[in-house]
Number of protein chains: 2
Amino acid sequence: MNEKTKPKHEQVKEMILSWIESERYKPNDQLPTEHELSELSGTSRQTVRQALGTLVQEGRLYRKQGSGTYVAALSERRTADMPTIGVLTTYISDYIFPQIVRGAESVLREQGCLMLLSSTDNDKAKERDNLLMLQAGPLQGLIIEPTKSAQGNPNLDCYLALEYMKIPYLMINERYAELDCPCVKVDDELGGYLAAKHLIELGHFRIAGFFKTDDLQGTQRLKGFLRAHREFGVQLRPEHVVHYATENKETRPFELALTMLEKPEERPTAIVCYNDELAVRLLEAVRRTELRVPEDVSMIGFDDSFLATATEVKLTSVSHPKAELGMKAAELLIAMMEGSAPSRNRDIIFAPDIVLRDSTKPYEKNGDKFVRTNV
Amino acid sequence: MNEKTKPKHEQVKEMILSWIESERYKPNDQLPTEHELSELSGTSRQTVRQALGTLVQEGRLYRKQGSGTYVAALSERRTADMPTIGVLTTYISDYIFPQIVRGAESVLREQGCLMLLSSTDNDKAKERDNLLMLQAGPLQGLIIEPTKSAQGNPNLDCYLALEYMKIPYLMINERYAELDCPCVKVDDELGGYLAAKHLIELGHFRIAGFFKTDDLQGTQRLKGFLRAHREFGVQLRPEHVVHYATENKETRPFELALTMLEKPEERPTAIVCYNDELAVRLLEAVRRTELRVPEDVSMIGFDDSFLATATEVKLTSVSHPKAELGMKAAELLIAMMEGSAPSRNRDIIFAPDIVLRDSTKPYEKNGDKFVRTNV
DNA sequence: CAAGCTAACATGTACGTACAACTTCAAAAT
DNA sequence: ATTTTGAAGTTGTACGTACATGTTAGCTTG
């Protein structure tokens, strides 16, 4: 069968499609009967039925026994022309991620893509389940937030399966070390650096830092925090660097903050918080010890979320464009799906900046017994 | 055609499916030829071809002209056995909705369903676009948060199309008046009633209420607020009932609160806020007028969100189980899809309760010139 | 005028014949 | 031993007949 002579049922199908596309028949209009089409096309009723059957299966027509065959409304067309994109996140209601999803969804909607959303509860086994389930669906691309990104990747085989299946994927916030997919993220190291730098430039010399180090984001923010201290020659007390993880985030930072705030000779003059959520929690620790922010201890958050302005003392916070991150991730994934993304250096990294509010102020001696011993 | 005697081509299809499911034939195994199946089943080759054609269309088999018919590998199966559920929301990053989605997604994941997420920006035209797009996908059910629920339903035809297509759907938070689908929601009227009742029982007699009335949730909360005043015989000043809408929510409530707080002779002794987000905003208005919560004016929020504990004065708030609402909605929709939902009285309504914190206290005269004139 | 009935019309199922196009395997040729 | 050819086998297209099931419109009756 060469190109010139297609099967008759294909030719009938194309004739009917041309009627639909030229709007000779509009949605819910009735087509000629099978008998009429048979005569019109000079083919048998069976051949007409085969053409109609294919168009029904594709959602272009619907049939009603005893009544006739009708043009389907646009909404009844199938998904052949609507790519399905998966978004796999750790926590759907995490206080930042909904804004990233919002940005992604707005781009995907605009581009006529359907978005599947799924979550892992920051648990590697659930990450695996989700990856398998999403792959079994009609997936054309995947945006992934890694799960406990600092703790390795036991689900590597699932990611390799995505590559085998030629499903493009990218990661947001961090990337598993052994994968080579693009990553769309904030420069967390720079964020931690800017936070500490801001406080150092305000004269603070005893700065505590609280970091959630089971995610690479926390590790990177800590790295920047340390780098600022080194560059500005400010000494750091080891007990002023607090690590915590998903499992103990409700208790450990609060307890350790209480402990260090209750000792006047060891008290930090400022605190860098891993994020605004933690900052709200440590604000309470400051109050509990009858100190004030920023009069007694300055504080800086991260993410510039709506929590930063919900508190009585508005938080100075490291800011980054959350919805835009989602948008750029979606745009990049679509480009990858279309084969129009550059093959190298595809990471997109947003530089954060500091939004100054009321929670940080210059360090003042204030009759304290403390003496600057650095610089 | 009654239940007992299915069409022959259906029976052949089921025979072949039973082979696949019992693993008599595994992925990539070759099935008996059409001629052999014809003899085995006692039907014509055409009938066998029809059964095979359906299974090919469903992705269970693939055929190779001149070679044979084979069982498709698992990853090539279509999503026939993984239902796809749409969730249509107004704002993905709305401070409450992510928790509802989280609850729904956890149930859907457990039940092996894929979840499509889409948003309308509380805009009716986008609601329409989304409904058309979701319907064009492989949708088996839909969970919908109505868009500006108090303002009618210009997209009724889209909802009727869902019914025509026999796609079950339900609504959360409110239902469009002319639709008869199930609704899963909080009893907003009771919530508004409890909020006002709580303040009245604390002795407050001049209570302001702020309600977002372009959503039926706001209208119902207002209704309960009014009912409490009527039942307890407390008079209500019209200027103490503030309506606002999506478009002016950033400005109008704040301005009107400032206005009423600045006039000592008209100042309310307590404020009912449509939600915690608004409460945080009105806390700032109270501060701006150098008043204190709860010493000078009590305040109660709604939703018991994490904003309620982010503030310095922890908010008394009307509480309801947000993630559970999402879970119940997903369970009900699955039951509807399986035909196991009761056909009547399917609404699920959660009774809210009050979580007492620090933002409300009993009314005291405090040297004010005010005199109780009611009760 | 409304309700019920029936015949005509339209799609759904099933069988059959015939030939086209492709694949596989065995036999023949090199 | 390897390559080529041809026959047999298998799926794909197309036509036809016959009957089942459901819908619709027109006619009749109350």
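Everything discussed here concerns the structure shown above.
Residues numbered from 1 in each chain as written. Chains lettered and ligands numbered in written order. Predicted model: local features only at pLDDT ≥ 70, side-chain atom pairs only at ≥ 80, totals over all residues. Heavy atoms only, no water.

Asks: Mind laying out the interface of chain B and chain A, listing which residues take part and the relevant values?
Replies: Facing 42 residues of chain B, the contacting portion of chain A comprises 42 residues. In total, chain B and chain A occlude about 3700 Å² of area from one another, counting both sides; carbon and sulfur atoms represent 64% of this. Its largest share of buried area at the contact with chain A, chain B owes to B:Arg109, B:Met133 and B:Glu312, together 16% of the area lost on that side. At the junction of chain B with chain A, the criterion picks out six salt bridges. Close ionic contact of B:Lys314 with A:Glu284 constitutes a salt bridge, the shortest N to O distance being 2.9 Å. (Contact = heavy atoms within 4.5 Å. Buried area = accessible area lost by both parts, 1.4 Å probe. Salt bridge = Lys/Arg side-chain N within 4 Å of Asp/Glu carboxyl O.)

Asks: Residue-level account of the pairing of strand 8 (residues 207–212) of chain B, with values.
Replies: All names here are of chain B. Strand 8 sits mainly inside the fold: six of its six residues count as buried. Neither face of strand 8 is open: one carries Ile207, Gly209 and Phe211, the other Ala208, Phe210 and Lys212, and all of them are buried. Two elements, strand 8 and strand 10 (residues 270–273), share four bridges in a ladder whose sense is parallel. Note on strand 10: the bridge partner recorded for Phe210 is Cys273. In terms of handedness, the path from strand 8 via helix 8 (residues 216–231) over to strand 9 (residues 241–244) forms a crossover that is right-handed. (Buried < 20%, exposed > 50% of the residue type's maximum accessible area, 1.4 Å probe, protein only. Helix = DSSP H or I, 4+ residues; strand = E, 2+ residues; numbered from the N terminus. Pairing = 2+ DSSP bridges. Right-handed = clockwise from strand over helix to strand, strands pointing away.)

Asks: If you had to explain the protein's contact with DNA strand C to someone new, which residues and values would you point to?
Replies: Near DNA strand C, the surroundings consist of 26 residues, among which A:Arg45, B:Lys8, B:His9, B:Thr47 and B:Gln65 are the closest. Across the atoms of DNA strand C situated within 4 Å of the protein, the share located in sugar and phosphate is 71%. Side-chain polar atom of A:Arg49 to a phosphate oxygen of DNA strand C: 3.2 Å apart, as the coordinates give it. Between a phosphate oxygen of DNA strand C and a main-chain N or O atom of B:His9, the distance comes to 3.0 Å. For the surface near DNA strand C, the secondary structure elements donating two or more residues are helix 3 (45–57), strand 1 (61–64) and strand 2 (68–71) of chain A together with helix 1 (8–21) and helix 3 (45–57) of chain B. A breakdown of the residues in the surface near DNA strand C according to their chemical character gives two nonpolar, 17 polar and seven charged. (Near = heavy atom within 4 Å. Polar contact = N/O pair within 3.5 Å; in protein donor to acceptor, adjacent residues only side chain to side chain. Nonpolar A, V, L, I, M, F, W, Y, C, P; charged D, E, K, R; others polar.)

Asks: Which residues make up helix 6 (residues 156–164) of chain B, and what values do they have?
Replies: Residue and element names in this part refer to chain B. Inspection of helix 6 places Cys158, Tyr159 and Leu162 among the buried residues, and these make up the whole buried set. Considered in projection along helix 6, the buried side chains sweep an arc of 100° and stay on one side of the axis. Where the residues of helix 6 are buried, they touch helix 5 (124–135), strand 5 (141–144) and strand 6 (169–172). Just downstream of helix 6, Lys166 is the residue with a positive phi angle, here 55°. (Arc of directions from axis to C-beta.)

Asks: I'd like to hear about the sheet that holds strand 8 (residues 207–212) of chain A, residue by residue, with values.
Replies: All names here are of chain A. Spatially, six strands are ordered 9-8-10-11-12-14 in an open sheet, and the strand pairing comes out mixed. Among the strands making up the open sheet, the edge pair consists of strand 9 (241–244) and strand 14 (353–355). Geometrically, the sheet is characterised by an average inter-axis angle of 20° between neighbouring strands, direction not taken into account. For strand 10 (residues 270–273) and strand 11 (residues 298–302), the ladder comprises three bridges, and the chain directions are parallel. (Axes fitted to C-alpha atoms, helices over the stretch in contact; angles between N-to-C directions.)

Asks: Got a sec to walk through the protein's contact with DNA strand D? Specific residues and values, please.
Replies: In the vicinity of DNA strand D, 26 residues are found, and the nearest of them are A:Lys8, A:His9, A:Thr47, A:Gln65 and B:Arg45. Take the atoms of DNA strand D that sit within 4 Å of the protein: sugar and phosphate atoms are 68% of them. Contacts to DNA strand D include A:Gly66, whose backbone N or O atom sits 3.1 Å from a base nitrogen. Put simply, the parts of the chain that give the surface near DNA strand D at least two residues each are helix 1 (8–21) and helix 3 of chain A together with helix 3, strand 1 (61–64) and strand 2 (68–71) of chain B. Considering each element in turn, the surface near DNA strand D owes the most residues, four residues, to helix 3 of chain A. In the surface near DNA strand D, the residues fall into two nonpolar, 17 polar and seven charged.

Asks: Give a description of the environment of A:Leu226 that names residues and reports values.
Replies: Residue and element names in this part refer to chain A. Along the polypeptide, Leu226 turns up in helix 8 (residues 216–231). Residue classification places Leu226 among the partly exposed residues on the basis of a relative accessible area of 27%. It is 13 Å that separates the C-alpha atoms of Leu226 and His198, two residues lying 28 residues apart in sequence.

Asks: Residue-level account of the pairing of strand 8 of chain A, with values.
Replies: Of the strand pairs in this sheet, strand 8 of chain A and strand 9 of chain A are connected by four bridges, and their pairing is parallel. Looking across to strand 9 of chain A, one finds that A:Phe210 is bridged to A:Val242.

Asks: Any chance you could break down the nonpolar core for me, citing the residues and the numbers?
Replies: If you look at the biggest cluster of nonpolar residues, it comprises 60 residues, and the most contacted ones within it are A:Leu170, A:Ile172, B:Leu170 and B:Ile172. If we skip the residues at most four places from it in the chain, A:Leu170 touches A:Leu142, A:Ile143, A:Ile144, A:Cys181, A:Pro182, A:Val184, A:Ala329, A:Leu332, A:Leu333 and A:Met336. (Core = buried A, V, L, I, M, F, W, Y, C linked by side-chain atoms within 4.5 Å.)

Asks: Kindly report on unusual backbone geometry, identifying the contributing residues and their values.
Replies: Note the cis peptide between A:Val293 and A:Pro294, where omega equals 5°. The topology assignment puts A:Pro294 in the loop between helix 10 (276–288) and strand 11. Look at B:Asn122: it is not a glycine, yet its phi comes out positive at around 50°. Tracing the sequence through the fold places B:Asn122 in the loop between strand 4 (114–119) and helix 5. Among the residues examined, B:Asn122 registers a relative accessible area of 5% and is labelled buried.

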